[in-house]
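An overview of the molecular structure
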Amino acid sequence: MTKSFGAASALSDHKVQIPSFHGLRSASASALTRNALSIPSSTRSVSLIRAVSTPAKSEAATEKRSKVEIFKEQSNYIRYPLNEDLLNDAPNLSEASTQMIKFHGSYQQYNREERGSRTYSFMIRTKNPCGKVSNQLYLTMDDLADQFGIGTLRLTTRQTFQLHGVSKTNLKTVMGTIIRNMGSTLGACGDLNRNVLAPPAPFVRKDYLFAQQTAEDIAALLSPQSGFYYDIWVDGERIVSSEPPEVVRARNDNSHGTNFPDSPEPIYGAQFLPRKFKIAVTVPTDNSVDILTNDIGVVVVTDDDGEPQGFNIYVGGGMGRTHRLESTFPRLAEPLGYVPKEDILYAVKAIVVTQRENGRRDDRKYSRMKYLISSWGIEKFRSVVEQYYGKKFEPSRNLPEWEFKSHLGWHEQGNGSLFYGLHVDNGRIAGKMKKTLREVIEKYNLNVRITPNQNIILTDIRAAWKRPITTTLAQAGLLQPRLVDPLNITAMACPAFPLCPLAITEAERGIPNILKRIRAVFEKVGLKYNESVVVRITGCPNGCARPYMAELGLVGDGPNSYQIWLGGNKNQTALAQSFMDKVKIQELEKVLEPLFYYWKQKRQSKESFGDFTTRMGFEKLKEYVQKWEGPVVAPARYNLKLFADKETYEAVDELAKLQNKSAHQLAMEVIRNYVASNQNGKGELFH
């Protein structure tokens, strides 16, 4: 099934040796010959760039395979034994089925805080290219969370929903309901292409619309074709919309030996990919998608009139790593080249096939495409991809600097309607917020977009609805971004405990208090309220909340203990580095106080915290931490008493708790914003 172009060489950028892997071809897959299909030349545009030869097919090999590879081979295209396990009375699935159900968009979990017998449940993840969610699907997910889940919805860092707490007996009902209400979970997990990211902003602009359409086309191209998903959840009933003809042509094209022509999975074959695969599409400057953290990053290139002409492609990003194993590492994607717009599906397919054929299948720690590129080098990788693409890549086009864009607050879409981006702490929609959000979405018949920063955008809003929507949502704790602590705006955390089986320590449940403590440190060392840092926290080193891109990343490395990473930047273009290990949560201030104090004292003009830590170097920063005795305290100049009576305090405190803040913090925010509004000639709190 797969082949290798040789053993892995020493990594140039990490100075470690990844154990070699020489490929394999399973007995069942060897029968799937790959004779080129005859494709009319008219199906692809003629290019002046000369074609290159198709890679030679490798012979069968007998190297070791991971257990998951064997499960896939024996599964009849991801059906067995899941189709049988779902019918028995056990509350959980067999080992093989727990791997197979991932391809269907679900993980088996149990509450790790319970003692004694395990209570099993399932997390279901949707697949929403560009984060697009119809009004019908949102209301369906909201209902399912209450009827079959734990009463909450989780917005993810890949623009999808996660629904926790579904029992095995309810899986088919929930899955079938999602499918019949314009949704899907197919490929949201597992060894295949995951949800394709794109900027969530519904701007009616050529570049944004083209990026979003491209993301949807790539998602369709790489969607499984063998029908296993519909066979299991809706008894074989296909509930899918028609695909664009260019997607069908690109999938069926085998002019360069990319396909298994006799397989129900022409691109994936029986073994699918070696590991998960992530793709993002965006437009120049808009790095709302963390473009460099993906296996493939696709960037629209336009002419001077804003007409899309083609794409720059980046390859080899990925966040996951393993503690105490330096041969695993986070990695930024690097430029591969430029392709004209009509070739993007063929280029993406060629990259996927290169990973399918050469990615490691013996040790899943090294199965992501980033390790293939790190061992081969970008030149060799490009050369092999070009053989499957059939053309040479053109040089990448020059692009402006990247900028993180949250798309929060009120904006004009460009068609007379508005959209409203709302910050949701850690993407967890629950309680009064959940109830009120549903009421607004239902009342005004709004569609929704999920952002890659775990936030939500309400779209297609009439101008007359702006004030009532703003006021109603604010009363449920969904405030305009200028009323939210800047630390919270850019912070992210993964769910971690109690349900994630990989969690080592807290993330989502711990981040509210950690952000409060960071805010207190800011105040102690004299940093201003708007001098924020990007904080991301994960309960394990797999990096779901992308902590290795943060200015301050906390990665769980033991019970109540974190590895501290420093050096990312606000625009998500620099990789952080490991600064300290085994920092106990109760001792965070001992590290953060000196770092933030010296950032304030020694930074250059407008220098961010991440850039400061990189410039200073870790040796100097560790010296600051080791010798820290506390900030030099200036004499107090103010003695402000914010609350004159108990009733006011209690009312503000209740509102503050909705945002995981103290009454003092919320009161100061309101005062600051009131002053700023009046200085700008605006006297309304919720303008």
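Structure: above.
Residues numbered from 1 in each chain as written. Predicted model: local features only at pLDDT ≥ 70, side-chain atom pairs only at ≥ 80, totals over all residues. Heavy atoms only, no water.

Next up on the list: the overall build of the chain. The helix and strand tally for the chain stands at 21 helices and 21 strands. Counting across all 687 residues of the chain, residues that qualify as buried make up 59%. Within the chain, contacts between residues at least 6 apart in sequence are counted, and of these 70% link residues at least 24 apart. Accessible surface computed for the chain: about 28000 Å², of which carbon and sulfur atoms make up 50%. (Helix = DSSP H or I, 4+ residues; strand = E, 2+ residues; numbered from the N terminus. Buried < 20%, exposed > 50% of the residue type's maximum accessible area, 1.4 Å probe, protein only. Contact = heavy atoms within 4.5 Å. Areas by Shrake-Rupley, 256 points an atom, 1.4 Å probe, with all protein chains shown as cover.)

Applying the stated criterion across every chain yields a total of zero disulfides. Summary of cysteine pairing: C500 is not part of a disulfide, and the nearest cysteine sulfur, belonging to C540, is at 5.8 Å. (Disulfide = S-S within 2.5 Å.)

Another aspect to go through is the pattern of salt bridges. Taken as a whole and assessed by the stated rule, the structure comprises 42 salt bridges. In this structure, E69 and K72 form a salt bridge, with 2.8 Å as the shortest nitrogen-oxygen distance. With a gap of three residues between them, E69 and K72 both fall in helix α2 (residues 67-73), about one helical turn apart. In this pair, the class of E69 matches that of K72, namely buried. One salt bridge connects K365 with D363, and the closest N-O pair in it is separated by 3.2 Å. (Salt bridge = Lys/Arg side-chain N within 4 Å of Asp/Glu carboxyl O.)

One open sheet accounts for five strands, arranged β3-β4-β7-β6-β14; its pairing is antiparallel. The sheet terminates laterally at β3 (106-110) and β14 (428-429), the two strands that pair on one side only. Across five bridges, the pairing between β3 and strand β4 (residues 120-125) is antiparallel. Across the sheet, the residue bridging to Q108 is F122, located in β4. Contacting β6 (153-155), β7 (161-166) and β14, helix α5 (residues 135-148) runs over the sheet at an angle of about 20° to β7. (Pairing = 2+ DSSP bridges. Axes fitted to C-alpha atoms, helices over the stretch in contact; angles between N-to-C directions.)

Here the focus is unusual backbone geometry. For the bond from Y80 to P81, the omega torsion is -5°, close enough to zero to count as cis. Along the chain, P81 falls in the loop between α2 and α3 (82-85). For the peptide bond that leads from F497 to P498, omega is 10°, which places it in the cis range. Summarising the element assignment, P498 is placed in the loop between β17 (492-493) and α16 (511-525). The phi dihedral of N76 falls on the positive side, at around 55°, and the residue is not glycine. Positive phi is not limited to glycine here, since D460 has a value of about 60°.

All told, the structure shown has 26 aromatic pairs when counted by the stated rule. Judged by centre distance (5.0 Å) and plane angle (25°), the rings of Y389 and F393 are stacked. Residue classification places Y389 among the buried positions, given a relative accessible area of 1%. Members of the aromatic cluster, each reached through a chain of ring pairs, are F103, F228, Y268 and F272. One cation-aromatic arrangement involves R603 over W599; the distance from NZ or CZ to the ring centre is 5.0 Å. (Phe/Tyr/Trp six-rings, centres within 6.5 Å; stacked < 30°, edge-to-face > 60°. Lys NZ or Arg CZ within 6 Å of the ring centre and 35° of its normal.)

Our next topic: the nonpolar core. Counting 112 residues, the largest nonpolar core has Y138 and F381 as the members making the most contacts within it. If one sorts the elements of this core by residue count, helix α10 (residues 344-358) sits on top with nine residues. Non-local contacts of Y138, meaning those with residues more than four positions away in its chain, are made with V133, L153, F161, I429, L437, R438, I441, V448 and I456. Core analysis: the second largest hydrophobic core is formed by 42 residues, A496, Y562, I564 and W599 among them. (Core = buried A, V, L, I, M, F, W, Y, C linked by side-chain atoms within 4.5 Å.)

So, about the sheet that holds strand β11 (residues 334-340). What links the strands of a sheet is backbone hydrogen bonding, and the strands pair in either a parallel or an antiparallel sense. Here we have four strands laid out as an open sheet, ordered β8-β9-β10-β11, and mixed in their pairing. The open sheet has two edge strands, β8 (279-282) and β11, and neither has a second partner. Averaged over all pairs of adjacent strands, the angle between their axes in this sheet comes to 20°, without regard to strand direction. Relative to strand β9 (residues 296-302), β8 runs parallel, the two sharing four bridges. Bridge assignment links I279 to a residue of β9, and that residue is I296.

Within strand β13 (residues 418-422), five of the five residues are buried, which leaves it mostly tucked inside the rest of the structure. Every second residue of β13 is oriented toward a common face, with L418, Y420 and L422 on one face and F419 and G421 on the other, all of them buried. In the sheet, strand β12 (residues 409-412) pairs with β13 via four bridges, with the strands oriented antiparallel. What sits directly across from G409, in β13, is G421.

Right, let's get into the packing of α10 against helix α12 (residues 378-389). In the contact formed by α10 and α12, the axes pass within 8 Å of each other and the chain directions differ by 115°. Classified by chirality, the crossing of α12 by α10 is right-handed. On α12, the residues touching Y346, A347, A350, I351, V353, T354, E357 and N358 of α10 are F381, V384, V385, Y388 and Y389. Partitioning the contact of α10 with α12 into residue classes produces 10 nonpolar, two polar and one charged. (Left-handed = near helix turned anticlockwise from the far one by under 90°. Nonpolar A, V, L, I, M, F, W, Y, C, P; charged D, E, K, R; others polar.)

This paragraph deals with helix α20 (residues 646-658). The end-to-end C-alpha distance of α20 is 19 Å, a good match for the 18 Å that 13 residues give at a rise of 1.5 Å each. Among the residues of α20, those classed as buried are V652, D653 and A656. The arc enclosing the buried residues of α20, seen along the axis, measures out at 105°, which places them on a common side. Away from its buried face by more than 90 degrees, α20 exposes E647, E654 and K657. (Expected span 1.5 Å × (residues − 1). Arc of directions from axis to C-beta.)

On to the packing of helix α18 (residues 609-616) against helix α19 (residues 618-626). Packing of α18 against α19 leaves a shortest axis separation of 6 Å and a crossing angle of 100°. Considering their axes alone, α18 and α19 lie roughly perpendicular with respect to each other. On α19, the residues that touch F612, T613 and M616 of α18 are F618, K620, L621 and Y624. Here the contact of α18 with α19 is built from residues that sort into five nonpolar, one polar and one charged. (Parallel < 35°, antiparallel > 145°, perpendicular 65-115°, else oblique.)

End to end, α5 covers 20 Å across 14 residues, agreeing with the expected 20 Å (1.5 Å per residue, within 8%). Of all 14 residues in α5, 10 are buried, a share of seventy percent or more. The complete set of buried residues in α5 reads N135, L137, Y138, L139, T140, M141, D142, L144, A145 and F148.

None of the figures reported here should be taken as evidence of function without further support.
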